[in-house]
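Inside the fold
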Amino acid sequence: MRWFYQGLALATIILLVLQLRSMLQPRPVSQPGRFGIVDYGDPFDSLQRLKQEAKSNSIIGMDANERTSNLTGDLASPLWRLPQLLVIGFMKSGTSALYYALCEHPSVACAAYVKEPFYLSAEAASNYLQSYQNMLDVQARKEFHLRYLESCFNMSNIKPHQLTLEASTTYIHSSAALSIISERLLNANTIRLLVMVREPVSRAYSQYNHEQRRKKTTAKTFEEAVLPEYTIIKRCHEQDEWMANQGQIVESKPYASLYECIKEAATVYARQHQATLPGYLFKSLYLWHLRPWMRAFKSRLKVMEHQQYRRHTVTAMDEVQDFLDIPFFDYTQVQDTITHEFQEGSRYGT
């Protein structure tokens with residue numbers, strides 16, 4: 001059973017890919033990705049006015065009709081459309097290479113102060129959700145959106161007509177981030193997401209190497225590092241198989257009871273050991289983490305395969321341009337730059 005997880009993880013990713021191929025195919029158009037320049041306005045010019053507006057024009061206490069009437073002009077501002085794109089996961093799957101390839105596009109502004117601000121999955125974001133449960137509280141949503149933009153983006157680096165993004169791989173695992181991005185941000189109905197998946201065991205091993213280099217793990221070997229998670233997955237899998245054979249599992253989604261068992265066992269482990277498991281194996285169970293995002297964003301979420309991207313980077317970036325509806329950029333001009341990120345010893349390597 002030493003390689004049990006590898007078999008389970010590979011089965012999961014195969015199932016995921018089969019589902020995604022039918023759900024996330026780019027829509028047919030006569031000229032893919034050639035829709036001209038989208039005018040997003042000048043966000044920087046709007047910032048000071050909207051900052052004051054968010055503080056002064058309270059709409060708390062209005063009824064639904066009054067809110068709708070007062071939002072017509074406010075939410076049309078270019079500022080509330082930022083960022084138009086998020087790369088939300090998975091860690092150690094090539095998201096840095098993807099991010100910097102996007103930065104090569106003249107219609108993309110990589111104006112985030114850092115590639116991964118983690119803002120929407122941080123404790124402050126969770127506190128925001130607890131403080132503002134009323135989805136009609138647009139004033140609170142405005143103030144939070146403004147804090148997010150001011151904290152994470154250099155607005156003066158964004159030119160008119162440019163798409164803006166950030167790439168925080170913690171978002172895919174965060175229920176707070178999912179709620180904020182899908183419901184609370186003022187551009188929740190238009191924002192698009194990119195996800196990169198990688199062969200599950202390779203991703204787990206890369207994460208282990210990453211944490212070992214940074215002295216974040218005391219495990220001497222990969223096998224030692226993954227043992228607690230492997231034990232949980234093995235036990236939950238055996239329980240799941242037994243219950244299925246007894247006819248005790250009725251689920252509309254494959255693996256739902258298995259994932260619930262893993263989640264509960266991980267919580268118990270954290271309480272008993274006063275430490276959260278690093279997720280070497282758990283984070284490679286892609287279907288578990290992707291389900292709620294796929295349900296919330298549907299065609300506005302594109303899943304990319306790491307190996308396919310690595311082998312055919314230019315083709316993959318052409319598909320991303322089509323997905324984002326941005327002017328076409330010939331990535332063969334920067335092919336050496338963007339493929340370097342995957343080379344042995346590069347700063348974004350394994």
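In case you missed it, the structure is sitting above this.
The structure reproduced in this document is the subject of the present report. Predicted model only: the values in this text are computed from it and were never measured.

With respect to unusual backbone geometry
Note the cis peptide between leucine 82 and proline 83, where omega equals -15°. Following the sequence through the fold, proline 83 ends up in the loop between α3 (64-74) and β1 (85-89). Each neighbour pair has its own omega, and for glycine 89 with phenylalanine 90 the value is -5°, a cis peptide bond. Along the polypeptide, phenylalanine 90 turns up in the loop between β1 and α4 (95-103). At lysine 92, a position not held by glycine, the phi torsion is positive, near 60°.

Some details on the nonpolar core
Ranked by size, the top nonpolar core spans 69 residues in total, and within it Leu102, Leu120, Ile181 and Trp293 carry the most contacts. For leucine 102, the contacting residues outside a window of four places in its chain are Leu85, Val87, Val108, Leu165, Leu194, Met317, Val320, Leu324 and Tyr331. One finds Ala219, Cys261, Leu281 and Leu285 within the second-largest nonpolar core, a separate group that totals 22 residues.

Let's talk about the sheet that holds strand β2 (residues 108-109)
Judged by pairing direction, the sheet is parallel, and its five strands sit side by side in the order β2-β3-β1-β4-β5 without closing on themselves. Edge positions in the sheet fall to β2 and β5 (301-305), since each of these pairs with one other strand and no more. In the sheet, β2 pairs with strand β3 (residues 163-167) via two bridges, with the strands oriented parallel. Within the sheet, the bridge partner assigned to valine 108 lies in β3 and is leucine 163. Taken strand by strand, helix α11 (residues 286-297) contacts β1, β4 (192-197) and β5, and its axis lies near 160° from that of β4.

Topic: the pattern of salt bridges
Any two side chains of opposite charge can pair, so long as their charged atoms come close to each other. The full count for this structure, using the stated rule, is three salt bridges. Between arginine 192 and aspartate 325 there is a salt bridge whose closest N-O contact spans 3.6 Å. One end of the pair, arginine 192, is in strand β4; the other, aspartate 325, is in the loop between α13 (313-324) and α14 (335-340), with 133 residues separating them in the sequence. Here lysine 234 ties to glutamate 238 by a salt bridge, and the two come within 2.8 Å at their closest N and O atoms. Separated by four residues within a single helix, lysine 234 and glutamate 238 lie in helix α9 (residues 222-245), roughly one turn from each other.

What to know about the packing of helix α10 (residues 256-273) against α11
For the pair α10 and α11, interaxial distance at closest approach is 10 Å and the crossing angle is 105°. When the interaxial angle is binned, α10 and α11 end up roughly perpendicular. Residue-level inspection shows Ala256, Tyr259, Ile262 and Lys263 of α10 in contact with α11, the latter providing Leu287, Trp288 and Arg291. Across the contact of α10 with α11, the residue classes break down as five nonpolar, no polar and two charged.

Conventions adopted
- Residues numbered from 1 in each chain as written.
- Predicted model: local features only at pLDDT ≥ 70, side-chain atom pairs only at ≥ 80, totals over all residues.
- Heavy atoms only, no water.
- Helix = DSSP H or I, 4+ residues; strand = E, 2+ residues; numbered from the N terminus.
- Core = buried A, V, L, I, M, F, W, Y, C linked by side-chain atoms within 4.5 Å.
- Buried < 20%, exposed > 50% of the residue type's maximum accessible area, 1.4 Å probe, protein only.
- Contact = heavy atoms within 4.5 Å.
- Pairing = 2+ DSSP bridges.
- Axes fitted to C-alpha atoms, helices over the stretch in contact; angles between N-to-C directions.
- Salt bridge = Lys/Arg side-chain N within 4 Å of Asp/Glu carboxyl O.
- Parallel < 35°, antiparallel > 145°, perpendicular 65-115°, else oblique.
- Nonpolar A, V, L, I, M, F, W, Y, C, P; charged D, E, K, R; others polar.

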